[in-house]
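A look at the structure
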Amino acid sequence: MINRLIRAIAGTFILISLVLAIKVNMNWLWFTAFVGANLLQSSITKWCLMETILEKVFKVKD
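Presented here is an overview of the structure given in this document. Computed from a predicted model, the values in this text were never measured in an experiment. Per chain, the residues get numbers from 1 upward, laid out in the order the sequence is written. This being a predicted model, a pLDDT of at least 70 is required before a residue's local features are given, and a value of 80 or more before pairs of side-chain atoms are given or counted; all residues contribute to the totals for chains, interfaces and linings. Hydrogen atoms and water are omitted, and side-chain values are computed over all heavy atoms in the structure.

Along the chain, A37 turns up in helix α2 (residues 29-45). Note on exposure labels: buried denotes an accessible area under 20% of the residue type's maximum, exposed denotes more than 50%, and partly exposed covers the range between, all computed with a 1.4 Å probe on protein chains only. The partly exposed category is assigned to A37, whose relative accessible area is 46%. Here the alpha-carbon distance between A37 and K23, two residues 14 residues apart in the chain, equals 23 Å. Each helix corresponds to a stretch of at least 4 residues labelled H or I by DSSP, and each strand to a stretch of at least 2 residues labelled E; elements are numbered beginning at the N terminus.

This is the structure we're talking about:
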């Protein structure tokens, strides 16, 4: 459940930042790069900050 939520949040962040880059300012692409870098980092280290945050907010363990 929590993995699906993390993927949904990451996808939403990427799509929103792309729209903001087109409509507002190209510097929003840095946020897209940040999300992508975090996804890559979590695949290597098997640790995800968003998972830690969601576990604390919803008090759920996967």
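Every angle, taken between N-to-C directions, lies between 0 and 180 degrees, and every axis is a line fitted to C-alpha atoms, over only the stretch in contact when it is a helix. Where helix α1 (residues 2-23) contacts helix α3 (residues 49-58), the axes come no closer than 10 Å and their chain directions differ by 120°. By the criterion of interaxial angle, the relationship of α1 to α3 is oblique. The element α1 and its partner α3 pack so that their crossing is right-handed. When α1 is examined against α3, the residues I2, L5, I6, I9 and F13 are found in contact with a partner set consisting of M50, E51, L54, E55 and F58. Any residue outside Ala, Val, Leu, Ile, Met, Phe, Trp, Tyr, Cys, Pro, Asp, Glu, Lys and Arg is labelled polar, Gly included; the first ten of those are nonpolar and the last four are charged. Here the contact of α1 with α3 is built from residues that sort into 8 nonpolar, no polar and 2 charged. What sets the label is the angle itself: under 35 degrees gives roughly parallel, over 145 gives roughly antiparallel, 65 to 115 gives roughly perpendicular, and the rest give oblique. Helix crossings fall into two classes, left-handed where the near helix is turned counterclockwise from the far one by less than a right angle and right-handed where it is turned clockwise. For this analysis, residues touch if any pair of their heavy atoms sits within 4.5 Å.

Residue count minus one, scaled by 1.5 Å, sets the expected span of a helix. Taking 1.5 Å per residue, 17 residues should reach 24 Å; α2 reaches 24 Å between its end C-alpha atoms and fits that length. All buried positions along α2 are accounted for by T32, V35 and S42. Along the axis of α2, the buried positions cluster into a sector of 95°, meaning they face one direction only. More than 90 degrees from the buried face of α2, the exposed residues found are W30, F34, L40 and I44. As used here, the arc is the angular range of directions from the helix axis to the C-beta atoms.

Each Phe, Tyr or Trp ring (for Trp, its six-membered ring) is paired with any other whose centre lies within 6.5 Å, and the angle between the two planes then decides the class: stacked below 30 degrees, edge-to-face above 60, tilted in between. Evaluation of the coordinates by the stated rule reveals 2 aromatic pairs. Each residue in the set F13, F31 and F34 is aromatic and connected to the rest through ring pairs, giving one cluster.

The values reported here are purely geometric and, on their own, carry no functional implication.
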